[in-house]
Amino acid sequence: MPKLDYTKYKLKNKEELLNIIGDNARIYIVSCNKCFSELKSTCEPETAELNKLLNEAGKTTAGFMPLDFLCNEHLSEKALNSVKQDILKADAVAVISCGIGIQTVAGLLALPVLGMCDSVFQGGYHGISLNTEKCGACGDCYLTATGGICPVVDCSKGLINGPCGGAKNSKCEVSKDKDCAWESIYNRLKSQNRQDVFISEAPKIRNYNKNNADFMDSNVKRIQAKRNEGFYGGLYPEERKELTEKLVITKIADPEIVSIPLQQHAGAVCEALVKAGERVSLGQKIGASKAFVSAYIHSSVSGEVLAVEPRKHPLLPFPVLNVIIKNDKKDEIAPSVASKGSLSSCTGEAIVQAIKDAGVVGMGGAQFPTHIKLSSAKVLDTVLINGCECEPLLNADNRLMIERPEQVLTGLRLIMKAAGISKGIIALEDNKIEAFESLKSKLAGDACIEVISVRTKYPEGAERMLIKRVLNREVPRGGLPLDVGVIVNNISTVVAVYEAVYNGLPLVRRVVTVAGAGVEKPGNYEIKIGMQVADIARACGIKVPDNFELKMGGAIMGFVQDTLDVPVIKGTNGIIVVRKKDELTAEPCIKCGRCVNVCPMELKPHKLVLFAQAENWEMVEKEGVMNCIECGCCEDICSSKSHMVEIFKSSKKALKERKK
Amino acid sequence: MLITQLKKKEELLPFFKENILLIACFGCKEVHFPSKEYELLKAELKTLNLNISGEIVLDYLCNEDYTAKRLELYRNEITKAGTLLVFACGVGVQTLAALLPDKTILAGCDTFYVPGFSGFTPTSYDCEQCGECKLGLTAGICPLTACSKGLLNGPCGGTKNGKCEVSKNMDCGWEKILLKSKAIGEPNPRIKEIVSIRDYKKSFS
């Protein structure tokens with residue numbers, strides 16, 4: 001249980017409240033759920049108290065809205081807008097909050113705003129967690145000289161040059177419940193034999209100008225700009241792209257055996273078209289399904305089928321049928337692998353067919369079949385190519401843009417033609433200067449395609465965030481990019497489209513970034529689908545150190561692998577080794593609000609956790625768990641170390657099962 | 001909320017006497033901790049042949065329970081180190097000092113205040129937690145914090161073109177209050193009431 005409660009407001013007394021409310025007859029109540037206190041309920045008792053008082057005084061309550069973190073202007077504005085009609089009917093808005101919340105509401109509404117609370121002084125800043133230690137944020141830290149006890153906050157007079165002399169029996173003269181801070185400082189230093197340090201120092205004068213209005217203002221503006229850059233929320237993780245960004249895409253020695261899962265896409269699992277003992281050639285279709293949402297599977301080598309059997313899947317929690325093929329290393333190409341034509345010779349339908357035949361899926365991780373996106377009946381106007389690769393460490397797409405810009409551009413033009421769209425945009429993060437230049441140089445004045453660079457921020461590569469940033473359109477909750485007229489594809493997918501049309505080559509290989517701690521030969525490798533991670537580990541010299549783990553995908557959203565006996569699949573953009581997360585158990589939420597600040601989907605992760613743990617599925621659904629994109633920002637930032645993504649994944653599963 | 005800045009190298013160097021363990025708190029990494037400057041400083045310290053025994057990177061040092069658990073993991077390094085140089089806000093440094101009372105703790109950062117309480121939502125306005133909220137009378141603009149002098153009974157007269165005489169980048173709080181009052185209808189007549197002298201004791205009750 002949280003030990004402390006940092007509630008910052010208390011309701012004014014009755015007389016004062018009535019005095020403030022005055023002649024206003026219809027009152028709308030906005031209340032803030034307290035921050036930095038135990039998360040128990042989602043509406044604070046003060047609201048009911050005020051409501052009762054209003055009723056007794058013969059006033060009408062025009063409505064009420066409890067909100068989390070009222071000071072979060074972006075979210076509060078949206079919430080208040082959603083009830084604007086009710087608010088406008090009121091004479092005034094009564095706000096139950098600390099002074100910051102009241103000022104936020106007053107700034108957002110053109111109605112008289114009545115402050116219903118007095119804010120309670122907390123004496124300094126208490127960090128992000130509930131803590132007895134506090135900081136005066138004086139800008140001139142004295143803790144080194146004072147044994148780590150703060151004289152500014154802990155001494156009731158804020159003296160910085162020793163005690164005042166008013167202490168009696170170690171207690172402060174201001175309150176006998178308070179220890180004399182300077183005595184504590186002296187005792188601490190004495191125990192370390194350092195008591196001479198501060199005594200011998202010249203007296204200090206506190207410089208109150210260190211944090212002046214201009215400096216403070218510039219900090220606020222800088223942080224706000226970073227927070228709101230492009231889209232709401234998100235994080236700026238350490239990128240560590242430099243490990244592989246200069247490494248040219250190289251081939252890795254082909255494996256002896258490949259194991260190709262029959263499910264490498266969103267949708268129905270494929271049925272095997274081959275049996276053990278059969279010979280297959282490179283590019284031969286070995287898996288297909290009649291379902292609408294599915295994608296063909298092809299052999300990535302030529303050789304003999306050893307078995308068709310269930311094996312562990314790198315992403316799915318259950319075994320999936322795999323076609324195990326012994327590679328004869330002859331790379332005999334299937335007769336079906338032949339060029340389907342070119343951008344000018346192919347019709348739109350032919351391109352879609354080629355993409356379908358090649359089993360192309362979204363290669364950024366979601367693995368949604370590309371041909372389905374292109375066959376949408378919706379009115380579309382833009383193809384947005386996602387070159388952000390916002391996950392730390394990954395460079396596969398980056399290298400493709402640097403080394404194969406023509407293929408990227410042609411692939412994009414093919415997609416535009418197939419979907420009948422005349423506008424294409426390639427968006428990449430501003431940390432990919434070389435890729436940007438490379439694409440620009442091959443653009444040759446094509447006015448239909450725009451290459452733009454956006455400021456780096458995670459999770460920019462999430463299609464919703466990218467659409468918001470680049471086109472300033474908001475994909476509705478529960479909707480798809482198609483709903484706002486956009487098709488989003490990632491760079492690897494576009495290159496696969498190019499290969500599917502120009503070379504008739506199915507999706508049988510992809511570029512994978514191998515990097516991280518304990519990787520002897522990091523790089524961007526072209527790897528055949530179905531190659532075992534164990535073989536790659538041998539070829540690249542991967543030794544996972546203690547306290548580290550191997551992930552397939554990115555550093556944040558990637559899937560942890562407990563064995564190396566899993567194959568590379570179509571969506572594997574990275575094989576990386578990263579530090580394990582703390583395995584400490586989660587502490588109760590203290591409502592620090594950071595998860596709400598970083599959630600790019602504008603959800604309230606802390607509340608979702610509360611409801612999920614209480615198995616209150618109605619509320620979990622209402623709070624929008626299905627809209628969670630599992631980007632992991634909330635978990636990364638959580639000061640209570642809640643395993644949020646895991647909780648949300650199982651909540652989604654529970655909701656789906658309930659619906660069945 | 002608050003924000004940290006590295007102390008100058010010259011300020012830190014006199015303390016480099018015995019073997020030093022660096023502890024950095026990256027809890028507020030993405031916006032607030034000067035991580036790039038920290039990396040540069042670390043590289044520079046390394047070239048100076050100083051006796052640095054190691055580095056521990058943690059987050060949310062202010063989370064006492066976690067920090068206590070995690071310090072257990074690094075007990076050896078900490079025991080060996082003579083001094084800990086902590087790069088964190090004042091709360092983090094104090095938390096560590098309280099958990100390791102027998103260790104000399106050095107503060108590597110200065111901590112500055114940024115308006116706003118909850119999490120890390122920075123606001124351009126602030127609340128002084130005076131315990132006598134006047135916002136209902138002042139169109140939701142706080143005279144204590146929006147006026148650089150914290151005047152409760154109207155402007156001082158030192159404003160020029162809507163700007164405060166203390167800083168020309170700062171709007172006059174009282175002018176803002178009056179403009180906003182007019183914008184939302186008639187100014188609350190009670191705005192003209194003389195506000196009693198601020199009771200500083202209230203904020204502690």
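Bear in mind the structure is a predicted one, so any value in this text is a computation, not a measurement.

A. How the structure looks around the overall build of chain B. The number of helices and strands found in chain B is 7 helices and 6 strands. A compact globule built from 205 residues would reach a C-alpha radius of gyration of about 17 Å, whereas chain B, at 23 Å, exceeds it by more than 25%. Seen through its C-alpha atoms, chain B measures out along the principal axes to roughly 70 × 35 × 25 Å. A buried classification covers 56% of the 205 residues belonging to chain B.

B. View of a negative patch on the surface. Residues Glu238, Glu239, Glu242 and Asp430 of chain A make up a contiguous surface patch of negative charge. Tracing the sequence through the fold places Glu239 of chain A in the loop between helix H9 (213-228) and strand E7 (250-251).

C. Helix H1 (residues 14-21) of chain A, seen in detail. Residues and elements named next belong to chain A. Of all the residues in H1, the buried ones are Leu17, Ile20 and Ile21. In a view along the axis of H1, the buried residues occupy a sector of 95°, so they form one face of it. If you follow the buried residues of H1, they end up packed against strand E1 (9-11), strand E2 (26-33), helix H2 (45-56) and strand E5 (113-115).

D. Spatial organisation of the sheet that holds strand E9 (residues 271-272) of chain A. Residues and elements named next belong to chain A. The 3 strands are arranged E9-E11-E12 in an open sheet whose pairing can be described as antiparallel. Edge positions in the sheet fall to E9 and strand E12 (297-298), since each of these pairs with one other strand and no more. Relative to E12, strand E11 (residues 285-288) is paired through 2 bridges, and the arrangement is antiparallel. From the neighbouring strand, Lys285 faces E12, where its bridge partner is His298.

E. Looking closely at the sheet that holds strand E14 (residues 320-327) of chain A. All names here are of chain A. The 4 strands lie next to each other as E8-E14-E13-E10, forming an open sheet whose pairing is antiparallel. Since the sheet does not close on itself, it has two edges, and those belong to strand E8 (257-261) and strand E10 (279-280), each with one partner. In this structure, strand E13 (residues 303-311) lies alongside E14, joined through 8 bridges in antiparallel fashion. The partner of Glu309 across the bridge, within E14, is Asn322.

F. Up close: the nonpolar core. Among the nonpolar cores identified, the biggest contains 55 residues, and Phe36, Tyr125, Ile128, Val620, Met644 and Phe648 of chain A are the most heavily contacted of them. Listed by contribution, the elements that provide at least two residues to this core are H9, helix H18 (594-598), helix H19 (605-613), helix H20 (617-622), helix H21 (633-637) and helix H22 (644-659) of chain A together with strand E1 (2-6) of chain B. Top element by residues in this core is H22 of chain A. It accounts for 5 residues. Membership of the second largest hydrophobic core comes to 46 residues, among which are Met401, Ile402, Leu409 and Val501 of chain A.

Rules used throughout
- Every chain is numbered independently, its residues counted from 1 as its sequence is written.
- Numbering of ligands from 1 and lettering of chains from A proceed in the order in which they are written.
- Local features are withheld for residues below a pLDDT of 70 in this predicted model, meaning they are given only at 70 or higher, and side-chain atom pairs are given and counted only at 80 or more; totals for whole chains, interfaces and linings count all residues.
- Only hydrogens and water are set aside when side-chain values are computed; all heavy atoms of the structure are taken into account.
- Strands are runs of DSSP state E lasting at least two residues, helices are runs of H or I lasting at least four, and both sets are numbered from the N terminus onward.
- For this measure, only C-alpha atoms enter the radius of gyration; the expected value for a globule follows 2.2 Å times N^0.38, where N is the number of residues.
- Working definition: with a 1.4 Å probe on protein chains only, accessible area under 20% of the residue-type maximum means buried, over 50% means exposed, and in between means partly exposed.
- Like charges are joined within 9 Å and nonpolar side chains (Val, Leu, Ile, Met, Phe, Trp, Tyr) within 5 Å, but only among residues with over 30% relative accessible area and no salt bridge; these make up the patches.
- We get accessible surface area from the Shrake-Rupley algorithm with a probe of 1.4 Å; when it comes to residues, only the shown protein chains can shield them.
- Should a side-chain nitrogen of Lys or Arg be within 4 Å of a carboxyl oxygen of Asp or Glu, the pair is scored as a salt bridge.
- Asp and Glu are treated as the negative residues and Lys and Arg as the positive ones, with His and the ends of the chain left uncounted.
- Lysine's charge is taken at NZ, arginine's at CZ, aspartate's at CG and glutamate's at CD.
- By arc we mean the arc of the directions from the helix axis to the C-beta atoms, nothing more.
- What makes two residues a contact is simply this: any of their non-hydrogen atoms within 4.5 Å.
- Strands are labelled as partners when DSSP assigns at least two bridges between them.
- What makes a nonpolar core is a set of buried Ala, Val, Leu, Ile, Met, Phe, Trp, Tyr and Cys residues whose side-chain atoms join them at distances within 4.5 Å.

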